[in-house]
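Residues per chain, in single letters:
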Amino acid sequence: MEMRRLGRTSLSIAPLVFGGNVFGWTADDKTSFALLDAFFDAGFNAVDTADVYSSWAPGNKGGESETIIGRWLKQSGRPRDSAVIITKVGSELGPDRKGLSRRWILEAVEDSLKRLQTDYIDLYLSHWPDPDTPYEETLAAYETLLAQGKVRAIGGSNFDARQLRDALDTAAAKGLPRYDVLQPEYNLYDRASYDGALRNLCIAEEIGVITYFSLARGFLSGKYRSHKDLEGSARGGGVEKYLDGHGMRILGVLDEVAEETGAKPAEIALAWIIAREGVTAPIASATNLDQVASLVKSAELKLSSEAIRRLNEVSDEKEVVSNFST
């Protein structure tokens, strides 16, 4: 399996990261263990989660995903250094249990370490910018964790170009560790927030990039093409916004490339991200072994320059026709 260095960190990852948001939501312990085993057996080595996953599922309070990963790590017998564990801090878990203050980061990391049943986190991300906490305070907290060996590298998620630039400037001015990784939303449908100034900054500063919602919440799998298709789906509410003219045109080109290559739309959508300059690896999840097999194929798929050109063009269209339904 090809390994890619994650920015300037010491971490190297395969070109696809497993999304742990499904653990404790649409995948129970047994299923989650089987998915992770299959993914790692295929040569991949990184899994992404957050302390808040999967709080949105009925009966959950957050921490379920980390807990399942921790149990898997313990029972799998795999060497700890064979897995790159990515988790995040900052999303709200309750009163006074959110944000990027030094107090909360130092408390939250201990909770994550316990749930993950490990003594270090490979990559610790600020889940969201925190306007109430100065960058200096946040980065100084991470400096402490890095010095203690509880965290190997740090990064940010959902930062725009200005916020990331300010964080980098603060780190340089104060002699603090900088964000070496960014986790933005990015896929064939949602390109505007990353392409442009933010992508240019990441390339110029050698910042590793792992993208989330890489399949647009599952829309780019081609499974959802009408509002009727959303009925009974746990992801239905999040997918509805993609059912517009722009989304349908993207699916149309994915279908064409699928016909030409024999690959599935989801595999093509992920292969497109993997081939993008300025991206280290997309994050994608699975809830069954067939989907894991498809993830493996996406990492092996090499799209032609013509296919990439067509996908670039259709996904870059600015006009969006809303309220599409069939």
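A quick note: this is a predicted structure, and the numbers were derived from the prediction, not measured.

Asker: Account for helix α4 (residues 135–148), naming residues and giving values.
Answerer: Relative to the 20 Å expected for 14 residues at 1.5 Å per residue, α4 spans 20 Å between its end C-alpha atoms, a close match to the ideal helical length. The inward-facing, buried residues of α4 abut β5 (84–89), α3 (102–116), β6 (121–126), β7 (151–157) and α5 (161–174). Backbone geometry just after α4 places Gly-149 at a positive phi near 80°.

Asker: So what's going on with the packing of helix α1 (residues 29–41) against helix α2 (residues 64–76)? Which residues, and what values?
Answerer: Two elements in contact, α1 and α2, have axes whose closest approach is 10 Å; the angle formed by their N-to-C orientations is 60°. Regarding the angle of α1 to α2, the classification is oblique. Both α1 and α2 take part in a crossing whose hand is right-handed. For the pair α1 and α2, contact is made by Asp-29, Ser-32, Phe-33, Leu-36, Asp-37 and Phe-40 and by Ile-68, Arg-71, Trp-72, Gln-75 and Ser-76, respectively.

Asker: How would you explain the environment of Arg-225 if you had to name every residue and give the values?
Answerer: Residue placement: Arg-225 occurs in the loop between β9 (208–211) and α7 (236–239). Owing to a relative accessible area of 29%, Arg-225 belongs among the partly exposed residues under this scheme. Polar contacts involving the side chain of Arg-225 include one to the side chain of Asp-255, which spans 2.9 Å.

Asker: I'd like to hear about the pattern of salt bridges, residue by residue, with values.
Answerer: A full pass over the atoms with the stated rule returns 26 salt bridges. Of the charged contacts in the structure, one is a salt bridge between Asp-180 and Arg-178, with a shortest N-O distance of 2.6 Å. Here Arg-310 and Glu-256 are joined by a salt bridge, their closest N and O atoms 3.2 Å apart. Remark: Glu-256 occurs in helix α8 (residues 245–261) and Arg-310 occurs in helix α11 (residues 305–315); sequence separation between them is 54 residues. Overall, Glu-256 belongs to the partly exposed group, its relative accessible area being 40%. Counted as one network, the salt bridges with shared partners bring together Arg-165, Asp-169, Arg-178, Asp-180 and Glu-205.

Asker: I'd like a description of the confidence of the model for the chain, backed by residues and values.
Answerer: Across the chain, the average pLDDT comes to 95, with 96% of residues at 70 or higher. In this model, residues 319–326 is a region of pLDDT below 50 whose contacts with residues beyond four sequence positions or in other chains number 22 contacts.

Asker: Outline the pairing of β9, listing residues and values.
Answerer: Strand residues, when the strand is regular, have side chains that alternate between the two faces of the sheet. Side chains Gly-208 and Ile-210 of β9 all project onto a buried face; the interleaved residues Val-209 and Thr-211 project onto the opposite face, where all are buried too. Bridging between strand β8 (residues 181–183) and β9 involves two bridges; their strand directions are parallel. Note that in β9 the partner of Val-181 across the bridge is Gly-208. Once the chain exits β8 it traverses helix α6 (residues 197–204) before rejoining the sheet at β9, and the crossover so formed is right-handed. When β9 meets strand β10 (residues 281–284), the two strands line up parallel, connected through two bridges. If you follow Thr-211 over to β10, its bridge partner there is Pro-282.

Asker: I'd like a rundown of the side chain of Thr-9, residues and numbers included.
Answerer: Structurally, the position occupied by Thr-9 is in the loop between β1 (4–5) and β2 (12–13). Within the structure, Thr-9 has its side chain in polar contact with the backbone nitrogen of Leu-11 (distance 3.0 Å). Once residues lying within four places of it in the same chain are set aside, the contact partners of Thr-9 are Ala-153, Asp-180 and Val-181.

Asker: Account for α5, with residues named and values stated.
Answerer: Between its first and last C-alpha, α5 extends 20 Å over 14 residues, near the 20 Å set by a 1.5 Å rise per residue. Along α5, the residues classified as buried are Leu-164, Ala-167, Leu-168, Thr-170 and Ala-171. With its buried residues spanning 160° around the axis, α5 presents them on a single face. The outward face of α5, more than 90 degrees from its buried face, is lined by the exposed residues Ala-172 and Ala-173. Backbone nitrogen of Arg-162 and a side-chain oxygen of the N-cap are separated by 3.1 Å at the start of α5; the cap is Asp-160. Looking one or two places after α5, you find Gly-175, whose phi comes out positive at around 65°.

Asker: Tell me about the sheet that holds β9, residues and numbers included.
Answerer: Strand pairs in the sheet, formed through backbone hydrogen bonds, run parallel or antiparallel to each other. Around the barrel, eight strands lie side by side as β3-β4-β5-β6-β7-β8-β9-β10; this closed barrel has parallel pairing. Going across the sheet, the axis of each strand differs from the next one's by a mean of 25°, ignoring polarity. One ladder, built from four bridges, connects β5 with β6; its direction is parallel. Within β6, the position partnered with Thr-87 by the bridge is Tyr-124. Sitting on the sheet, α4 is in contact with β5, β6 and β7, with an inclination near 155° to β7.

Asker: Outline the packing of aromatic side chains, listing residues and values.
Answerer: The geometry of an aromatic ring pair is captured by the separation of the ring centres together with the interplanar angle, meaning the angle of the planes. Taken as a whole and judged by the stated rule, the model has 15 aromatic pairs. Ring geometry for Tyr-189 versus Tyr-242: centroids 4.8 Å apart, planes at 90°, classification edge-to-face. Separated by 53 residues along the polypeptide, Tyr-189 in the loop between β8 and α6 and Tyr-242 in the loop between α7 and α8 bring together distant segments of the chain. Taken as a pair, Tyr-189 and Tyr-242 share a single burial class, namely buried.

Criteria and cut-off values
Residues numbered from 1 in each chain as written. Predicted model: local features only at pLDDT ≥ 70, side-chain atom pairs only at ≥ 80, totals over all residues. Heavy atoms only, no water. Helix = DSSP H or I, 4+ residues; strand = E, 2+ residues; numbered from the N terminus. Expected span 1.5 Å × (residues − 1). Contact = heavy atoms within 4.5 Å. Axes fitted to C-alpha atoms, helices over the stretch in contact; angles between N-to-C directions. Parallel < 35°, antiparallel > 145°, perpendicular 65-115°, else oblique. Left-handed = near helix turned anticlockwise from the far one by under 90°. Buried < 20%, exposed > 50% of the residue type's maximum accessible area, 1.4 Å probe, protein only. Polar contact = N/O pair within 3.5 Å; in protein donor to acceptor, adjacent residues only side chain to side chain. Salt bridge = Lys/Arg side-chain N within 4 Å of Asp/Glu carboxyl O. pLDDT = per-residue confidence, 0-100. Pairing = 2+ DSSP bridges. Right-handed = clockwise from strand over helix to strand, strands pointing away. Arc of directions from axis to C-beta. Phe/Tyr/Trp six-rings, centres within 6.5 Å; stacked < 30°, edge-to-face > 60°.

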